[in-house]
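# Analysis of the macromolecular model
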Amino acid sequence: MSNPNFSRRGAILAVAAMLSTTSTLAFAATGSDEKPNLLSITKDPGCGCCGAWADLAIEAGFEVETTETGDYVGMKRDAAVPENLWSCHTTRIVGYIVEGHVPFAAIRQLLEQRPDITGIAVPGMPAGSPGMGGEVEATAEVIAWGGIAGDGRAFPLDG
């Protein structure tokens, strides 16, 4: 004699397992690795230097998607950027946060090395950095934070 509660429970568990697998596969198919070169930039609508950085990113070979918001503090908090590292725009790429006028060579290195960190930043808006008067190959001091970088360490990470 079969137990109707058991078979109903078994059916529910089977459907739950199937949905879980389906959602995981769907995420894998549409996750951030689908476009590993896509910089998703969030910026203030009136910020010209953010637009200049985005234009340089395209010139450097990245794809760019821009979202505008008037909620500067919310943008930073949503991305969990430490306040001492804030800059004018916040960018996401394959699970990392890129804060401010980060040089494109540093972003490429981040993507090649895939360190266990939250992100990299160029705090403030330093003159001469990409988008702040500097061109595509411009450099600036880059700070990593989160994971093995803790509260902040120079990037690239030293041993």
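Rules of the game
- All residue numbers refer to position in the chain's written sequence, counted from 1.
- Restriction of local features to residues with pLDDT of at least 70 applies here, the model being predicted, together with a cutoff of 80 or more for giving and counting side-chain atom pairs; totals for whole chains, interfaces and linings are based on all residues.
- Hydrogen atoms and water are omitted, and side-chain values are computed over all heavy atoms in the structure.
- Only runs of H or I of at least four residues qualify as helices and only runs of E of at least two qualify as strands under DSSP, and these elements are numbered from the N terminus.
- Under the scheme applied here, a residue whose accessible area is under 20% of the maximum for its type counts as buried, over 50% as exposed, and between as partly exposed, the area being computed with a 1.4 Å probe on protein chains only.
- Pairs of residues are marked as contacts when any of their non-hydrogen atoms sit within 4.5 Å.
- Accessible areas in this description were obtained via Shrake-Rupley with a 1.4 Å probe; residue shielding takes into account the shown protein chains only.
- By convention a nonpolar core is built from buried Ala, Val, Leu, Ile, Met, Phe, Trp, Tyr and Cys residues, the set being connected through side-chain atoms within 4.5 Å.
- Strand pairing follows a simple DSSP-based rule, namely that at least 2 bridges must link the two strands.
- Between N-to-C directions, angles cover 0 to 180 degrees, with each direction set by a line fitted to C-alpha atoms, over the stretch in contact for helices.

### Regarding the overall build of the protein chain
Secondary structure assignment for the protein chain yields four helices and seven strands. For the protein chain, the N- to C-terminal ordering of α and β elements is α-β-α-β-α-β-β-α-β-β-β. Looking at the 159 residues of the protein chain, the share that counts as buried comes to 38%. Residue pairs in contact within the protein chain that sit at least 24 positions apart in sequence constitute 56% of those at least 6 positions apart. Per element, the accessible surface of the protein chain, about 8800 Å² overall, is 56% carbon and sulfur.

### A look at the nonpolar core
Formed by 26 residues in total, the largest nonpolar core has its most connected members in Phe62, Phe104, Ile107 and Ile120. Of all elements in the fold, only β1 (38-43), α2 (48-59), β4 (96-100), α4 (104-113), β5 (119-122) and β6 (142-145) reach the threshold of two or more residues within this core. When residues of this core are assigned to their parent elements, the largest contribution, five residues, is made by α4. Judged by nonpolar contacts, the second largest core, of eight residues, contains Ala79, Val81, Leu85 and Ile143.

### Description of the sheet that holds β6
Within a sheet, each strand pairs with its neighbour through backbone hydrogen bonds, oriented either parallel or antiparallel. Across the sheet, which stays open at both edges, the seven strands sit in the order β2-β1-β3-β4-β5-β6-β7 with mixed pairing between neighbours. The sheet is open, and its two edges are formed by β2 (63-68) and β7 (153-155), each paired on a single side. Averaged over all neighbouring strand pairs, the angle between strand axes comes to 30°, with direction disregarded. Judged from the six bridges that link them, β1 and β2 form a sheet pairing that is parallel. Looking across to β2, one finds that Lys43 is bridged to Glu68. Each of β1, β3 (90-93), β4, β5, β6 and β7 touches α4; the most contacted strand, β7, lies at about 100° to it.

### Topic: the pairing of β4
Counting buried positions over the five residues of β4 gives five, a clear majority of the element. Bridge count between β3 and β4: four bridges; the pairing is antiparallel. The residue of β4 that forms the bridge with Thr91 is Val98. The loop that links β3 with its antiparallel partner β4 comprises two residues; one of these, Val94, has a positive phi angle of about 35°.

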